[in-house]
Amino acid sequence: MLFHDFRRTAVRNMTKAGIAERVAMTISGHKTRSVFDRYNIVSPEDLKEAAVKRQSFNEKQAEQLQFSYSQPVLTKEVTTIGAVTS
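Residues numbered from 1 in each chain as written. Predicted model: local features only at pLDDT ≥ 70, side-chain atom pairs only at ≥ 80, totals over all residues. Heavy atoms only, no water.

Q: Quick question: what am I supposed to make of the environment of V35 here?
A: Its location among the elements puts V35 in helix α3 (residues 33-39). For V35, a relative accessible area of 25% corresponds to the partly exposed category. (Helix = DSSP H or I, 4+ residues; strand = E, 2+ residues; numbered from the N terminus. Buried < 20%, exposed > 50% of the residue type's maximum accessible area, 1.4 Å probe, protein only.)

Q: When you look at the environment of F36 in this model, what are you seeing that I'm missing?
A: Note on placement: F36 falls in helix α3. According to the relative accessible area criterion, F36 is buried, its value standing at 0%. Placed twelve residues apart in sequence, F36 and A24 show a C-alpha to C-alpha distance of 8.9 Å. If we skip the residues at most four places from it in the chain, F36 touches V11, T15, E21, A24, M25, S28 and H30. (Contact = heavy atoms within 4.5 Å.)

Q: Would you explain the packing of aromatic side chains in this entry?
A: The description of two aromatic rings rests on the distance between their centres and on the angle between their planes. A full pass over the atoms with the stated rule returns zero aromatic pairs. In this arrangement the basic side chain of R7 is found over the ring face of Y39, its NZ or CZ atom lying 5.4 Å from the centre. When the ring centre of Y39 is taken as origin, the NZ or CZ atom of R8, which lies over that ring, is 5.2 Å away. (Phe/Tyr/Trp six-rings, centres within 6.5 Å; stacked < 30°, edge-to-face > 60°. Lys NZ or Arg CZ within 6 Å of the ring centre and 35° of its normal.)

In structure tokens form, the structure reads like this:
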């Protein structure tokens, strides 16, 4: 095991845990984005997870859009009652 193996694991674990990347960079000591990105490896499982999340998001959006088109639009009529004339 090398120090950089632990550092790579730490970066992956922090990003997968939802820690903001800028915070993870500070914790891991990465000063540049390019080096941080080199340590933050994207796996095939990450891509599959992203595809599932995107599909779920698209389905929810479609349901909301379908619901908004099927609901009647409620409008309020404004009438003037007892208008004062001079």
